[in-house]
Amino acid sequence: MRAPDLIRFARDAATGNPLRSSLLVLAMAIGVAAVVVLTALGDGARRYVVNEFSSLGTNLVIVLPGRSQTGGFNPGSAITSTPRDLSIDDAQSLLRASAVRRVAPLTIGTSEISYGGKLREVMVAGTTAQYIDVRTLKLAQGRFLADGDWRRGASEAVIGARIRNEVFGAETALGQLIRIGDRRFRVVGIMASTGQGLGMNTDEVVFVPVSLALAMFNSNTLFRVLVEANNREAIEAAKTQVTEIIKLRHEGEEDVTVITQDAVLATFDKLLGTLTLAVAGIAAISLAVAGILVMNVMLVSVTQRTSEIGLLKALGATGATIRSAFLTEAAMLSLAGAVLGYLLGQAGAALLRQLYPVFPAYPPDWAVLAGLGTALITGILFGVLPARQAARLDPVQSLAKR
Amino acid sequence: MGKALIELSGIERIFYLGDSEVHALRQLELRIDPGEYLAVMGPSGSGKSTLLNLLGLLDHPNEGTYRLEGRDVTTLSPEEQARVRSERIGFVFQSFHLVPRLTAAENIALPMTLAGIDPAQRAVRVKQALKDYGLFDRASHRPNELSGGQRQRVAIARATIMQPAMILADEPTGNLDRATGEEVMRLLEELNSRGVTLIVVTHDTVLGARARRQLLMEDGELIHDSGKK
Ligand SMILES: Nc1ncnc2c1ncn2[C@@H]1O[C@H](COP(=O)(O)OP(=O)(O)OP(=O)(O)O)[C@@H](O)[C@H]1O
Ligand SMILES: [Mg+2]
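This one's a predicted model, so the numbers in the text were calculated from it and none came from an experiment.

**Description of the overall build of chain B**
Stage number 1. Scanning chain B from terminus to terminus reveals seven helices and 10 strands.
Stage number 2. On C-alpha atoms alone, chain B measures out to a radius of gyration of 18 Å, which is about the 17 Å that the 2.2 N^0.38 rule sets for 229 residues.
Stage number 3. Projected onto its principal axes, the C-alpha positions of chain B cover 50 × 45 × 40 Å.
Stage number 4. Residue burial in chain B is summarised as follows: out of 229 residues, 55% are buried.
Stage number 5. Of the contacts made within chain B by residues no fewer than 6 positions apart, 72% connect residues no fewer than 24 positions apart.
Stage number 6. Counting only carbon and sulfur atoms, one obtains 49% of the accessible surface of chain B, whose full area is about 10,200 Å².
Stage number 7. Side-chain charges in chain B split into 28 positive and 31 negative, and the spacing between the mean points of these groups amounts to 7 Å.

Structure representation (structure tokens):
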């Protein structure tokens, strides 16, 4: 049988039983649509997180005290097990690096804030004036911490939006004196609400000068030093310079970990990429289910068309011809289902983007291709058994069937 | 005596149903020359259809040999047998066996489509067949839009489209009224007059009498052959 005849024959057979065919197409379509939509969700989540983390600040290099395990074996740090403090002076010295634009030291702890008899647990962040620019945060009212000597610092505090609401209520907060731990601070600014983003939430944080915070927590070491490189290209240079400067200050010992935002992002990127892959795998199971449905529907079709198969044999059709006729039909229905599913899936992803504009729900190309490929392969694979069954039918008995 | 079209010798066809055996054909000896016109008659269950299926290579004997045009066809592979059916044998069934979703023209063309004959040649031959069988204005009708007689004419056109050496018809008039049946028989006889071997199974003794040679079967045995000298 010629290929165009085979295709026309299979098409006529498929359209000859619209209910059966549409059921099959629908099953395939749902499978492919699931792959498209779910991977769009997974990949959308990945993009969303990456975007959110980018908004932590731009061109960030982060310095942490202590040597990270992943840095490999270092004989220096093997001898002195306790790392040196990452001090305010260390942080300030980083400003000398040519690739560095801004530096913000950061120390974190919890304490109690009290005002007008009200008491509340808060997160206290000790930092300097640069912090707000490094993190690209916004103020709602007042100003951020004043620029000045990092080792001294005035008794000023900048409070998060939620703390302002809970502690001050309807009162004006700006200019009021509050107590944090056993020190008194004047409120000079209120942060704009950041909401429940993936970036660090400043709504429940109180910012105070870093020197006062270290004194409050009775500590000499910083939690982090945030370094902003001049530009994207300068990130690597900033990283090397920062490492060098600290190493020099710490008697040649590399006892800090310097990570770039890109590295953090890459980790998340990989993690969520894997998640998308897993989701795609789960969706592919629905394709396997569709494949089994293809098989059953085609088996029913073989039974229903037994007498036709007998006739074809009487008219001189070989087993191979009958096999390819049924396989072509299964492949065509699977293809139709895959295309329909692709369109449905893209429509679903578009709807998601419409409903949640911040969520970039675009299915990745590889997932679309894999979905379509799997649909076709399962369709054909599960079509083999029914096709072989049809080809093996006994013509006399088949012709006798009504 | 010239070359035989069909030579059956020692044919046995046994169906096994659980423990019991049904001897559908026993010790069959038969020789049919090209261009003959035979009627196969006999009571129900006597093995007429079984014989026809065997002649059409749709069924295989348990014993004996079947030589078609001098060639032993019982030992051929399924593919080779399909080829013989395609090129040498035309079937006409009692219940027409048209493909319901295909038009009359497409049904007639089906054996050529299956054989991979190119569409241009198919179109020419189908057009001629439609004209020959008075179906020209029914070409694009589907079987359910045709009368019984028209359906059987489509089936006969289909059986002859590959220009076979023989036509095997199993009660071709069984589902038709007498007048239409007559007309169908005339078409088949006309084919025979042009040299095609015609073998018709029938219950109808009047129709059977029109054949030049009658075979009478009973209980799987050939009990009378009018052509045997
Ligand atoms: N597939 C089968 N399995 C078992 N027995 C069968 C089978 N096909 C035919 N037979 C038996 O073989 C015998 C001959 O059957 P066959 O169909 O050839 O009869 P027939 O002469 O054509 O009868 P009818 O005039 O009713 O069509 C019958 O007894 C029938 O029951
Ligand atoms: Mg019969």
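Continuing now.
**Here we look at the nonpolar core**
For soluble globular proteins, the rule of thumb is that nonpolar side chains tend to be buried together.
Residue and element names in this part refer to chain B.
Stage number 1. Ranked by size, the top nonpolar core spans 71 residues in total, and within it Ile6, Leu8, Tyr66, Leu110 and Ile199 carry the most contacts.
Stage number 2. Apart from residues lying up to four places away in sequence, leucine 8 is in contact with Leu28, Glu29, Leu30, Leu51, Leu54, Leu55, Thr65 and Tyr66.
Stage number 3. In terms of nonpolar packing, the next biggest core, distinct from the first, is built from 38 residues, Ile117, Ile161, Leu207 and Ala211 among them.

**Details of the confidence of the model for chain B**
Note: predicted coordinates in regions of low pLDDT should not be interpreted at a detailed level.
Residues and elements named next belong to chain B.
Stage number 1. Put simply, chain B has an average pLDDT of 94, and 99% of its residues get 70 or more.
Stage number 2. Here helix H7 (residues 205-209) is the element of chain B with the lowest mean pLDDT, 91, and strand S8 (residues 197-201) is the one with the highest, 97.
Stage number 3. Model confidence for the complex is summarised by a pTM of 0.72, with the ipTM given as 0.94.

**Here we look at the sheet that holds strand S6 (residues 89-92) of chain B**
All names here are of chain B.
Stage number 1. Taking strand neighbours across the sheet as the criterion, the six strands line up as S6-S7-S8-S3-S9-S10 in an open arrangement whose pairing is mixed. For this open sheet the edge positions go to S6 and strand S10 (221-225), each flanked by a neighbour on one side alone. The average angle at which neighbouring strand axes cross in this sheet is 20°, direction not considered.
Stage number 2. As paired elements, strand S3 (residues 37-41) and S8 share four bridges and run parallel to each other. If you follow valine 40 over to S8, its bridge partner there is valine 201.
Stage number 3. Contacts from helix H5 (residues 148-160) reach S6 and strand S7 (166-170) within the one sheet, and its direction differs from that of S6 by about 170°.

**Quick notes on empty space enclosed by the protein**
Stage number 1. Applying the stated criterion across every chain yields a total of one cavity of 30 Å³ or more.
Stage number 2. Its volume calculated, the largest cavity comes out at about 70 Å³.
Stage number 3. Ala314 and Leu315 of chain A together with Arg85, Ser86, Ile89, Gly90, Pro111, Arg158, Ala159, Met162 and Pro164 of chain B are the residues that line the largest cavity.
Stage number 4. At the level of elements, helix H2 (78-88), S6 and H5 of chain B are the ones that each hand at least two residues to the lining of the largest cavity.
Stage number 5. Across the lining of the largest cavity, the residue classes tally to seven nonpolar, two polar and two charged.

**A closer look at the site of ligand 1**
Stage number 1. Taken together, 15 residues surround ligand 1, and among them Ser44, Gly45, Lys48, Ser49 and Thr50 of chain B come closest.
Stage number 2. Nearby residues place ligand 1 at the junction of chains A and B.
Stage number 3. Interatomic distance of 2.8 Å between a backbone N/O atom of glycine 45 of chain B and an oxygen atom of ligand 1.
Stage number 4. In this structure, serine 49 of chain B approaches ligand 1 through a side-chain N or O atom, which is 2.7 Å from an oxygen atom.
Stage number 5. Considered on its own, ligand 1 offers 630 Å² of accessible surface; in the complex 66% of this is hidden by protein.
Stage number 6. Counting only elements with at least two residues in the shell around ligand 1, the list comes to strand S1 (6-17), strand S2 (20-32) and helix H1 (48-55) of chain B.
Stage number 7. When residues of the shell around ligand 1 are assigned to their parent elements, the largest contribution, three residues, is made by H1 of chain B.
Stage number 8. Residues that form the shell around ligand 1 fall into these classes: five nonpolar, eight polar and two charged.

**Focus on the packing of helix H9 (residues 261-304) of chain A against helix H12 (residues 365-392) of chain A**
All names here are of chain A.
Stage number 1. Closest axis-to-axis distance for the H9/H12 pair is 8 Å, and the angle between their directions is 25°. With respect to their mutual orientation, H9 and H12 come out roughly parallel. Read as a crossing pair, H9 and H12 show a hand that is right-handed. On H12, the residues that touch Thr276, Leu277, Ala280, Leu287, Ala288, Gly291, Ile292, Val294, Met295, Met298, Leu299 and Val302 of H9 are Trp366, Gly371, Thr374, Ala375, Thr378, Gly379, Phe382, Leu385, Pro386, Gln389 and Ala390.
Stage number 2. Split by residue class, the contact of H9 with H12 holds 16 nonpolar, seven polar and no charged.

**Here's the deal with the interface of chain A and chain B**
Stage number 1. Counting residues at the interface gives 23 residues for chain A, matched by 24 residues for chain B.
Stage number 2. At the boundary of chain A with chain B, total buried surface from both sides reaches about 2,100 Å², with 63% on carbon and sulfur atoms.
Stage number 3. Per-residue buried area on chain A facing chain B is highest for Arg2, Leu311 and Leu315 of chain A; these three make up 26% of the total on that side.
Stage number 4. Put simply, chain A and chain B have two salt bridges between them.
Stage number 5. One salt bridge connects glutamate 308 of chain A with arginine 101 of chain B, and the closest N-O pair in it is separated by 2.8 Å.
Stage number 6. The interface formed by chain A and chain B contains five residue pairs in polar contact (both at pLDDT 80 or more).

**What about the packing of aromatic side chains?**
Stage number 1. Enumeration over the complete set of coordinates arrives at five aromatic pairs over all chains.
Stage number 2. Aromatic side chains tyrosine 115 of chain A and phenylalanine 168 of chain A sit 4.4 Å apart centroid to centroid with 45° between the ring planes, which places their arrangement in the tilted category. Taken together, the residues tyrosine 115 of chain A in strand S2 (residues 100-115) and phenylalanine 168 of chain A in helix H6 (residues 161-168) connect sequence positions 53 residues apart.
Stage number 3. Cation over ring: arginine 224 of chain A sits above phenylalanine 223 of chain A, and NZ or CZ is 4.0 Å from the ring centre.
Stage number 4. Sitting over the face of the ring of phenylalanine 9 of chain A, arginine 101 of chain B holds its NZ or CZ atom 5.0 Å from the ring centroid.

**Points about helix H10 (residues 306-314) of chain A**
Residue and element names in this part refer to chain A.
Stage number 1. Burial of H10 is extensive: nine of the nine residues sit out of reach of the surface.
Stage number 2. Restricting attention to buried positions, one finds in H10 the residues Thr306, Ser307, Glu308, Ile309, Gly310, Leu311, Leu312, Lys313 and Ala314.
Stage number 3. Glycine 316 sits one or two residues past H10 and shows a positive phi near 105°.

Cut-offs and rules
- Residues numbered from 1 in each chain as written.
- Chains lettered and ligands numbered in written order.
- Predicted model: local features only at pLDDT ≥ 70, side-chain atom pairs only at ≥ 80, totals over all residues.
- Heavy atoms only, no water.
- Helix = DSSP H or I, 4+ residues; strand = E, 2+ residues; numbered from the N terminus.
- Rg over C-alpha atoms; globule rule 2.2 N^0.38 Å.
- Buried < 20%, exposed > 50% of the residue type's maximum accessible area, 1.4 Å probe, protein only.
- Contact = heavy atoms within 4.5 Å.
- Areas by Shrake-Rupley, 256 points an atom, 1.4 Å probe, with all protein chains shown as cover.
- Lys, Arg positive; Asp, Glu negative; His and termini not counted.
- Charge placed at Lys NZ, Arg CZ, Asp CG, Glu CD.
- Core = buried A, V, L, I, M, F, W, Y, C linked by side-chain atoms within 4.5 Å.
- pLDDT = per-residue confidence, 0-100.
- Pairing = 2+ DSSP bridges.
- Axes fitted to C-alpha atoms, helices over the stretch in contact; angles between N-to-C directions.
- 1 Å grid on protein atoms, 1.4 Å probe; cavity = no way out; pocket = protein on both sides within 12 Å on 5 of 7 lines; lining within 4 Å.
- Points joined across faces, edges and corners; volume = space filled by probe spheres on them.
- Nonpolar A, V, L, I, M, F, W, Y, C, P; charged D, E, K, R; others polar.
- Near = heavy atom within 4 Å.
- Polar contact = N/O pair within 3.5 Å; in protein donor to acceptor, adjacent residues only side chain to side chain.
- Parallel < 35°, antiparallel > 145°, perpendicular 65-115°, else oblique.
- Left-handed = near helix turned anticlockwise from the far one by under 90°.
- Buried area = accessible area lost by both parts, 1.4 Å probe.
- Salt bridge = Lys/Arg side-chain N within 4 Å of Asp/Glu carboxyl O.
- Phe/Tyr/Trp six-rings, centres within 6.5 Å; stacked < 30°, edge-to-face > 60°.
- Lys NZ or Arg CZ within 6 Å of the ring centre and 35° of its normal.

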